Amino acid sequence: RLLYYPGAETSTEEVVDSGISAHTDFEAFTLMHQDAPGLQFMSPDSGAWIDAPVREGEFVVILGDVMERFTNGVLKATVSVEPSRLFAIILTF
């Protein structure tokens, strides 16, 4: 499945409330390519938001609810938030 989010035209404070709020993905995992900063994950220890690294030619692996169920909670679903900018999710399983 290929998902495309058009995002906002600007990154000003007026659009700070748009985007996708904190959530976990339903799938087992998501492979996401990002070419600009913005994707954030919630630290399971402190609850603080951590910026996902942007690395050319690499994917971010986001664990979902199905993976948490498959592993009986050993691996936790990743809480993430996406900004109001252009991005695409390449594959979800």
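Look up: the structure comes first, before these words.
(A) View of the layout of surface pockets. Put simply, the second largest pocket is a space of about 160 Å³. By residue class, the composition of the lining of the second largest pocket is six nonpolar, two polar and one charged.

(B) The sheet that holds strand 7 (residues 80–82), seen in detail. Here four strands make up an open sheet; going across it, the order is 2-7-4-5 and the pairing antiparallel. A single partner strand is all that each edge strand has here, and the edge strands are strand 2 (20–23) and strand 5 (49–51). Strand-to-strand twist across the sheet, computed as the mean angle between neighbouring axes with direction ignored, equals 20 degrees. Alignment of strand 4 (residues 40–42) against strand 7, held across two bridges, turns out to be antiparallel. Residue pairing across strands places Phe-41 opposite Ser-80, the latter belonging to strand 7.

(C) Quick look at unusual backbone geometry. Positive phi is not limited to glycine here, since Asn-72 has a value of about 55 degrees. The residue Asn-72 is located in the loop between helix 1 (65–70) and strand 7 in this model.

(D) Representation of the environment of Ile-50. You can see Ile-50 is positioned in strand 5. Relative accessible area serves as the criterion here: at 43%, Ile-50 is assigned to the partly exposed category. Sequence spacing of Ile-50 and Leu-39 is 11 residues, and the spatial spacing of their C-alpha atoms is 8.6 Å. If we skip the residues at most four places from it in the chain, Ile-50 touches Leu-39, Gln-40, Phe-41 and Ser-43.

(E) Looking closely at the side chain of Ser-43. With respect to the secondary-structure elements, Ser-43 resides in the loop between strand 4 and strand 5. Among the polar contacts made by the side chain of Ser-43, one reaches the main-chain amide nitrogen of Ser-46 at a distance of 3.3 Å. Apart from residues no more than four positions distant in its own chain, Ser-43 is found in contact with Ala-48 and Ile-50.

(F) Representation of the environment of Met-42. Along the polypeptide, Met-42 turns up in strand 4. In this structure Met-42 comes out as partly exposed when scored by relative accessible area, which is 33%.

Cut-off values and rules
- Residues numbered from 1 in each chain as written.
- Predicted model: local features only at pLDDT ≥ 70, side-chain atom pairs only at ≥ 80, totals over all residues.
- Heavy atoms only, no water.
- 1 Å grid on protein atoms, 1.4 Å probe; cavity = no way out; pocket = protein on both sides within 12 Å on 5 of 7 lines; lining within 4 Å.
- Points joined across faces, edges and corners; volume = space filled by probe spheres on them.
- Nonpolar A, V, L, I, M, F, W, Y, C, P; charged D, E, K, R; others polar.
- Pairing = 2+ DSSP bridges.
- Helix = DSSP H or I, 4+ residues; strand = E, 2+ residues; numbered from the N terminus.
- Axes fitted to C-alpha atoms, helices over the stretch in contact; angles between N-to-C directions.
- Buried < 20%, exposed > 50% of the residue type's maximum accessible area, 1.4 Å probe, protein only.
- Contact = heavy atoms within 4.5 Å.
- Polar contact = N/O pair within 3.5 Å; in protein donor to acceptor, adjacent residues only side chain to side chain.

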